[in-house]
Amino acid sequence: MWRSLLLRGTTCLVQVATPRLLHQRPSPPLCARLLTRRPLHRPPCGLEPRGEGYFLAHGGTRAFKKDAKSSVEAPVSPTTITDIKQYLRTKEIPFHDGYSCLHTPSIFVEPSARRDSFSLFVDKTTGQFLCKDTLVEGSWEDLQDCLEVMQKEEQDFLSPRVLLGYPESVEEQEDREWELREVQRIWSSSVPFSDLPEDEAQLIKTMFQITKISNATLKRFGVRLFKPTKSLVFPWFGGPDSSLKGVKLLSAQSTGTDKVIYNEATVPKCNSYYNLFGLPLVGRMDAEVVLTGHELDTLAVSQAAGLPSVALPRGFSCLPPILLPYLEQFKRVTLWLGDDIRSWEASKIYSRKLGLRRCSLVRPGESRPRPVEALDRGKNFGHIIKSSIPAAHKSIVSFKQLREDVYGELVNTEQVAGVKWGRFQELNRILKGHRKGELTVFTGPTGSGKTTFISEVALDLCMQGVNTLWGSFEINNVRLAKIMLTQFAMQRLEENLEQYDFWADKFEELALYFMTFHGQQNIKTVLDTMQHAVYLYDINHVIIDNLQFMMGQENLSVDKFAVQDHIIGAFRKFATNSSCHVTLVIHPRKEEDDRELQTASIFGSAKASQEADNVLILQEKKLVTCPGRRSLQVTKNRFDGDVGIFPLDFHKSSLTFAAPIKGRHKLRKLAGKPEDDEEEAGEKEVKEVKKEKAAKATKTPRSVKKATPQTPQFPCVISFG
Ligand SMILES: Nc1ncnc2c1ncn2[C@@H]1O[C@H](COP(=O)(O)OP(=O)(O)OP(=O)(O)O)[C@@H](O)[C@H]1O
């Protein structure tokens, strides 16, 4: 098969003979989402893969496939590090074995002009490559193609200008130009701190609780003030020419108490904002860095510890692999991402990406707050960084090594219980929260609303910063996204099309991804894709709707329930190993008209029910007084044993669920260990009846405002000018 690479500028096609591709297509690029200002008539796009685009850059400007939401496909030919090394050796390409990447000489720079002889980085996990000198990037297959061309044409380098995967549409070009203008406009109308009158500078510093950060530090990092919104402006300088690529604006809002809420906005939008703030100040020979979760923390570390420090672009919510090459030079990386359990968990996960042996982690605690607070409280930074814990852990540990972890769990019980739902207080009450690494099994009668309900449950978490991946095998991604968008906007957008762009723009900022599978799938392919997405997008929650779509490919000559057990076991293992929550939708094994479903209605064997941490059942009958009304029953909760059931009202126009109005229904909480209740959950005498507190939730109308993501990871929109 011949593969085409479009030659930019000359518009001619180069055809590259790649025998390897006779049997397989290269994996499509994993695309970033681009800021869009879409005219209303345009339909929602990009939920399904639309042909193949390549992820190659041109002249320092990234080319992105324009997708409204990211779709994730299975890596067609999962590349192993052994394959990559083998290939490079056969092509006689020298390489260094780095922490997360292999380093090779860039084939996009003339040999005589190479500043750094090893400036092309190949990700050891995915094979994605990036040339730091030219910013050309692409898949492993793209790189192989380039090498084949070079060899065939006996060249010793390729011009980066020849490579661009797909032509930019007029609209894309307009968007990019608009962004550039916007970045320039904000930057040029912002004022350096040193140009502000002293009292004004102090006032702003007080607002942001950074009174201890000196003007000199702010100046070194180029932080400015954007007066119209009283926002701090953090610049993104990048590329070989260190040009201005974007800006992040941080605004502070007082809550009346001594707490301050920060709102962030970036241009370009957060999903294509790849700034490691502080990077331009890192010297070529620096071997140590402190990685923080916020620009202000990086300022604090730099000032107080005198160490190089860089901040992740989206807080601790993700570490995009495309940034890994920039961290390769460091022999020691200290991760000091925040002061809570979520940032601590994230630092453990990111140290795997960065290479465990060079990473050490600052454990959050009373004496180790986040850096900007540590500066405020006069903490000893040298001591905190020195006492960070090596990420590489031994297989066997003593209680001495665990005691801090145990203490951390005891003092942070609320955080340990997981992320709280914003819309489902009853779930918070029973399950306490949504925790990493757990497996939830969810079932309900056919057509009862399982997909609709779990969609809102997952959306709610996603809005709290839980990076989410959907595997919807039954309904296609466009329909699923439509359901989610309706739930997000809490209204029928069909009747309010003029609001479509407003909600779609906000929805697009959620860290929400979709697998592009439809129909029967092989479990291994699905697990490979999930693994891939966890690495690329730091996914915390995967929803598989539903398990039956993995059964068809397995050998059903063996016992069907044994197959189901095997699949559930595989998801269980994935959840544990990847620290990722998996929610598995399963059709019930049997449905009888006059009985509610039970845990036993789902599983083939007791072994399988042990694998799940949580079992949730959407009940449709009998347990409630009104026929047709649904209830959500939790029949297993490994975290603390609480189980229970609560009624749900369905709002057809917004496709959302809510607790019914006070007094009409009662929340029933079943006492005892969940295992005891499994058989009798719906029939047993309810031992503990609680007055429904849901009134609180219903008193506050679920307004449009509530649907707006407010977390620091997903910035609110600030309008400029
Ligand atoms: N509580 C409810 N009351 C009435 N209709 C509902 C309710 N929940 C969902 N629906 C509607 O029922 C239809 C089926 O919903 P959904 O696809 O979520 O069910 P499901 O249980 O996932 O179906 P399946 O068993 O086929 O997987 C949809 O049109 C949805 O809007």
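Calculation criteria
Residues numbered from 1 in each chain as written. Predicted model: local features only at pLDDT ≥ 70, side-chain atom pairs only at ≥ 80, totals over all residues. Heavy atoms only, no water. Axes fitted to C-alpha atoms, helices over the stretch in contact; angles between N-to-C directions. Helix = DSSP H or I, 4+ residues; strand = E, 2+ residues; numbered from the N terminus. Parallel < 35°, antiparallel > 145°, perpendicular 65-115°, else oblique. Left-handed = near helix turned anticlockwise from the far one by under 90°. Contact = heavy atoms within 4.5 Å. Nonpolar A, V, L, I, M, F, W, Y, C, P; charged D, E, K, R; others polar. pLDDT = per-residue confidence, 0-100. Domains from an automatic or database assignment. Buried area = accessible area lost by both parts, 1.4 Å probe. Salt bridge = Lys/Arg side-chain N within 4 Å of Asp/Glu carboxyl O. Phe/Tyr/Trp six-rings, centres within 6.5 Å; stacked < 30°, edge-to-face > 60°. Lys NZ or Arg CZ within 6 Å of the ring centre and 35° of its normal. Disulfide = S-S within 2.5 Å. Buried < 20%, exposed > 50% of the residue type's maximum accessible area, 1.4 Å probe, protein only.

Draft legend 1. Geometry of the packing of helix H13 (residues 450–463) against helix H14 (residues 477–489). The geometry of H13 relative to H14 is characterised by a closest axis approach of 10 Å and an angle of 60° between their N-to-C directions. Here H14 runs oblique to H13, going by the angle between their axes. The way H13 lies across H14 gives a crossing that is right-handed. Residues Thr 451, Thr 452, Ser 455, Glu 456, Leu 459 and Met 463 of H13 pack against Leu 480, Ile 483, Met 484, Gln 487 and Phe 488 of H14. Taken together, the residues that form the contact of H13 with H14 break down as six nonpolar, four polar and one charged.

Draft legend 2. Representation of the confidence of the model for the protein within the structure. Looking at the protein as a whole, its pLDDT mean stands at 78, while 75% of the residues score no less than 70. Note on residues 1–69: pLDDT under 50 across the span, and 210 contacts to partners over four residues away in sequence or across chains. Ignoring residues within four places in sequence, the model shows residues 664–721, a span with pLDDT below 50, making 134 contacts including any to other chains. Two summary scores accompany this predicted model of the complex, namely pTM at 0.75 and ipTM at 0.97.

Draft legend 3. Expanded view of the domain arrangement of the protein. Looking at the assigned domains, one finds that the protein contains domain 1 (2–27 + 74–168), domain 2 (190–410) and domain 3 (425–707). Each partner contributes to the interface: domain 2 provides 17 residues, whereas domain 3 provides 18 residues. In this assembly, domain 2 packs against domain 3 so that about 1,200 Å² is buried in total across both faces, 41% of it on carbon and sulfur atoms. The interface formed by domain 2 and domain 3 holds three salt bridges in total. Taking the shortest distance from any N to any O, the salt bridge between Glu 345 and Lys 436 comes out at 4.0 Å. Its residues assigned to classes, the side of domain 2 that touches domain 3 comprises nine nonpolar, two polar and six charged.

Draft legend 4. Looking closely at the packing of aromatic side chains. Counting across every chain of the model gives 17 aromatic pairs. Taken together, Phe 424, Phe 442, Phe 453, Phe 650 and Phe 657 form an aromatic cluster joined through their ring pairs. When the ring centre of Trp 187 is taken as reference, the NZ or CZ atom of Arg 224 above it lies at 3.8 Å. Across the ring face of Phe 639, the terminal group of Arg 435 is positioned such that the distance to the ring centre comes to 3.9 Å.

Draft legend 5. Here's a closer look at the state of the cysteines. What the rule picks out here adds up to zero disulfides. In this model Cys 359 remains outside any disulfide bridge; the closest cysteine sulfur is found in Cys 101, 13 Å from its own. Looking at Cys 359, the relative accessible area reads 3%, which means it is buried. With no disulfide of its own, Cys 580 has Cys 462 as its nearest cysteine by sulfur position, at a separation of 12 Å. On the basis of relative accessible area, Cys 580 is assigned to the buried category, the value being 0%.

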